Amino acid sequence: QALYTLSLGITVFTGGLLGFFLIAGSPRNPVARSFAVAALWTTVWSLLLLFWQLATSAAAALLFLQLGMIGAVLIPATYFNFTTRFAESISNKKYALHRLASYASGALFSLLLVSDIVLRTGFIAQRVVPKAWFPFWPDAGTFYAPYLFHFFGFFIAIGIHFCFTL
């Protein structure tokens, strides 16, 4: 668990630094700005997961985990935003509708997570329990598998999109 916590701390530091320098160096460049948003969003996600690992109660751990999962579900949309901004910078194609769809699907899963937090629905993460060396590991809810499919599916789609764009 200590190595996991350390890696999250390193991610928070480097992602925040990278995002800051990108914004400071090229605030008007849409490609740099979109990558900075992706880096900073990843930083926020890592920070929340760091708090999850450092939590001393199950309630706090579940809250930080669920907030971190909201961050995680929007990371693919921010990276998709970056790849489409980059593609637009080297081609004549426009991807505004694709970006809107990626943020909309991320927002849908975010709403499920908000319902987990506010209404205790357990759609994505029902509770946290001790597993392996983690004192607070999530038990998957009904929509956890589609949540993971969305997360990893978007990164696969981004890779395929990037291959065909270049």
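The preceding data block contains the structure.
To keep things clear, this report deals only with the structure shown in the data block. Keep in mind the model is a prediction, meaning the values are calculated, not measured. (Residues numbered from 1 in each chain as written. Predicted model: local features only at pLDDT ≥ 70, side-chain atom pairs only at ≥ 80, totals over all residues. Heavy atoms only, no water.)

## Describing the nonpolar core
Basically, it comes down to this: Residues grouped as a nonpolar core are buried Ala, Val, Leu, Ile, Met, Phe, Trp, Tyr and Cys residues, joined through side-chain atoms within 4.5 Å. Relative accessible area decides the class of each residue, using a 1.4 Å probe on protein chains only: under 20% of the type maximum gives buried, over 50% gives exposed, and in between gives partly exposed. Only runs of H or I of at least four residues qualify as helices and only runs of E of at least two qualify as strands under DSSP, and these elements are numbered from the N terminus. Should any heavy atoms of two residues lie within 4.5 Å, those residues are counted as being in contact.
Ranked by size, the top nonpolar core spans 23 residues in total, and within it Leu 65, Met 69, Ile 124 and Tyr 147 carry the most contacts. Sorting the residues of this core by element identifies helix 2 (30-54), helix 3 (58-90), helix 4 (96-119), strand 1 (125-131) and helix 5 (144-165) as the ones contributing at least two each. At eight residues, helix 3 tops the list of elements feeding residues into this core. Those residues within four positions of Ile 124 in sequence are excluded, and the remaining contacts are Met 69, Phe 109, Leu 112, Leu 113, Asp 116, Asp 139, Ala 140, Gly 141, Phe 143, Tyr 144 and Tyr 147.

## Regarding the side chain of Thr 42
Structurally, Thr 42 is set in helix 2. Not counting residues within four places of it along the chain, the set of residues in contact with Thr 42 comprises Thr 11, Ile 75 and Tyr 79.

## Observations regarding a nonpolar patch on the surface
To keep things clear, this is the line we draw: Residues enter patches when they are more than 30% accessible in relative terms and free of salt bridges; like-charged ones are connected within 9 Å and nonpolar ones (Val, Leu, Ile, Met, Phe, Trp, Tyr) within 5 Å. The Shrake-Rupley method, run with a 1.4 Å probe, gives the accessible areas here. Residue values count only the displayed protein chains as cover. A carboxyl oxygen of Asp or Glu within 4 Å of a side-chain nitrogen of Lys or Arg is what we treat as a salt bridge.
Together, Phe 13, Leu 17, Phe 20 and Phe 21 give the surface a local cluster of nonpolar side chains, amounting to about 460 Å² of exposed area. Tracing the sequence through the fold places Phe 20 in helix 1 (residues 2-25).

## Structural notes on the pairing of strand 1
Going by this rule: In short, DSSP must find at least two bridges between two strands for them to pair.
Pairing between strand 1 and strand 2 (residues 134-140): five bridges, direction antiparallel. In the sheet register, Arg 127 faces strand 2, and the bridge partner there is Asp 139.

## Points about the packing of aromatic side chains
Both the distance between ring centres and the angle between the ring planes are used here to describe each pair of aromatic rings. As a reminder of what qualifies: Paired rings are identified among Phe, Tyr and Trp, the last through its six-membered ring, by centres lying within 6.5 Å, and are further divided according to the angle between planes into stacked (under 30 degrees), edge-to-face (over 60) and tilted (the rest).
Overall, the coordinates contain 18 aromatic pairs when judged by the stated rule. With a centroid separation of 6.3 Å and 50 degrees between ring planes, the pair formed by Tyr 79 and Phe 155 is classed as tilted. Placement of Tyr 79 in helix 3 and of Phe 155 in helix 5 is noted, with a sequence separation of 76 residues between them. Its relative accessible area of 32% is what places Phe 155 among the partly exposed residues. Through a chain of ring-to-ring contacts, three or more aromatic side chains come together here, namely Phe 35, Tyr 79, Phe 82, Phe 86, Phe 151, Phe 152 and Phe 155.

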